[in-house]
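Overview (structure and organization)
Here are the chains, one letter per residue:
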Amino acid sequence: METKPRARVAVAGAGAIGSAVALTLARAQFDVTLFDPSPAGDNASGVAAGMLAPVAEAVFDPVSTPHLAVLRRARDLWPAFAEGLDLAILRDGLRVEGRGDWLADIAARFEALGVPFQRLDGALIDAEASDVEDWRVEARPALAALRTAFDALGGRFQPRAFTPADLPAFDAVVLATGAAGASGLAPELSILTPIKGQILRADRGPATGPVIRGEGVYICPGDSPAIGATMEAGRNDLMIDPAATDALREAALRLRPELAEAVLTTEVGVRAATPDGLPLVGWSAMPGVMLAVGARRNGWLLAPLVADLVASYLKGDNPGPDAALFDARRFSRT
Ligand SMILES: Cc1cc2nc3c(=O)[nH]c(=O)nc-3n(C[C@H](O)[C@H](O)[C@H](O)COP(=O)(O)OP(=O)(O)OC[C@H]3O[C@@H](n4cnc5c(N)ncnc54)[C@H](O)[C@@H]3O)c2cc1C
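Below you will find a few notes about this structure. (Residues numbered from 1 in each chain as written. Predicted model: local features only at pLDDT ≥ 70, side-chain atom pairs only at ≥ 80, totals over all residues.)

**Focus: the overall build of the chain**
If you tally the helices and strands in the chain, you get 10 helices and 17 strands. Taken over C-alpha atoms, the radius of gyration comes to 20 Å for the chain, in line with the 20 Å a tight globule of 334 residues would show. Taken across its 334 residues, the chain has 48% of its residues classed as buried. In the chain, 74% of the contacts between residues at least 6 apart in sequence involve partners at least 24 apart. (Helix = DSSP H or I, 4+ residues; strand = E, 2+ residues; numbered from the N terminus. Rg over C-alpha atoms; globule rule 2.2 N^0.38 Å. Buried ≥ 20, exposed ≤ 12 C-beta atoms within 10 Å, placed from the backbone. Contact = placed C-beta atoms within 7 Å.)

**A closer look at the pairing of strand S1 (residues 8-12)**
Counted residue by residue, S1 has four buried out of five residues, so it is predominantly covered. Two elements, S1 and strand S2 (residues 31-35), share five bridges in a ladder whose sense is parallel. From the neighbouring strand, Val9 faces S2, where its bridge partner is Val32. Where S1 lies against strand S9 (residues 172-175), four bridges are found, and the strand directions are parallel. Each residue of the ladder has a partner; that of Ala10, found in S9, is Val173. (Pairing = 2+ DSSP bridges.)

**Considering helix H8 (residues 242-255)**
With 14 residues, H8 should cover 20 Å at 1.5 Å per step; its first-to-last C-alpha distance of 20 Å lies within 8% of that length. Within H8, the full set of buried residues consists of Thr245, Leu248 and Ala252. Around the axis of H8, the buried residues are gathered within 55° of arc, so they sit on the same side. Along H8, the residues that are exposed and aim more than 90 degrees away from the buried face are Pro242, Ala243, Asp246 and Glu250. (Expected span 1.5 Å × (residues − 1). Arc of directions from axis to C-beta.)

**Here's the deal with the environment of Asp203**
When you line up the elements, Asp203 lands in the loop between strand S10 (193-202) and strand S11 (211-214). The exposed category is assigned to Asp203, around which 12 C-beta atoms lie within 10 Å. In this structure the C-alpha to C-alpha distance between Asp203 and Asp246, which are 43 residues apart in sequence, comes to 17 Å. Discounting chain neighbours no more than four positions away, the residues touching Asp203 are Ser224, Ala262 and Val263.

Shown next as structure tokens:
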């Protein structure tokens, strides 16, 4: 299916993925209406650490390890995507700290991936200043920046859920509904499983510099440094669980003892995951329904790539080499 510019497209979900899709489609002259019943940022995208971190993901997350190349390609789309937006891409890199034997294991993983790294004061860093691999954005301000740019292009926003009854009013709908389900709108969504994530925000701590990774934790510098994050497979509740967050806090204190003075607030989000860790992007078997879901722990990193793929499908352009990796129907064809 192919739609023409000025075609009426609904985007369901205003997280990182839906907001990036809506903006990209508005830039491409589609007539876009973005739906979301939740307050802005009240979703996985709003609580996320905002890392655009192909290297850390490939090194620390075994599910992401085979996807290093596509994660790097996604990161490389960010500068052009963010052009003209009130959104800073922080290119501060990665610093890995920990016990000697653990660091040796991490160094071996860098080597196995062929990723250059350096040793500095007993830590591993991903590269020298201008070549850092891992970047980040501040998640909530980034969501606001995407929305502002979308509004400025004449995009419409509906503060309610998209439902099947809305389908006839649009030429196509893009489902960017995160872990919410919406399987009534597309059968492929039934493959998604939830992964609950709890993350701490500190009222003080490192304000700038690289993301610090240690055993079982990362610390993202900022005005409210983020200490994350749990991966609780199969859980889709938003309950705060001190047992899980205590372990995060202890791991963070081993890296930065001064965080003992910080007041910590817990935030919770639910990621949606596919079996191979890559999102579902493309046409559903349901006519007129396009999927942009299941970005697991890399929704921010992947957002511009997912948005470009969606735009290519809607324009009828060749979606390029990453289309097959993300094929929305790859699990329902077997
Ligand atoms: C603790 C934590 C830390 C993370 N850190 C990072 C990180 O550093 N870097 C990174 O890249 N990723 C990170 N992630 C993962 C990232 O947050 C997700 O991959 C990303 O948020 C997914 O975005 P999304 O737009 O698909 O979903 P969501 O952000 O969940 O948004 C989905 C939206 O759809 C709306 N919705 C649901 N149903 C409907 C409907 N029927 N109609 C309209 N709207 C609907 C919901 O209200 C919601 O606002 C993290 C996640 C967590 C939980």
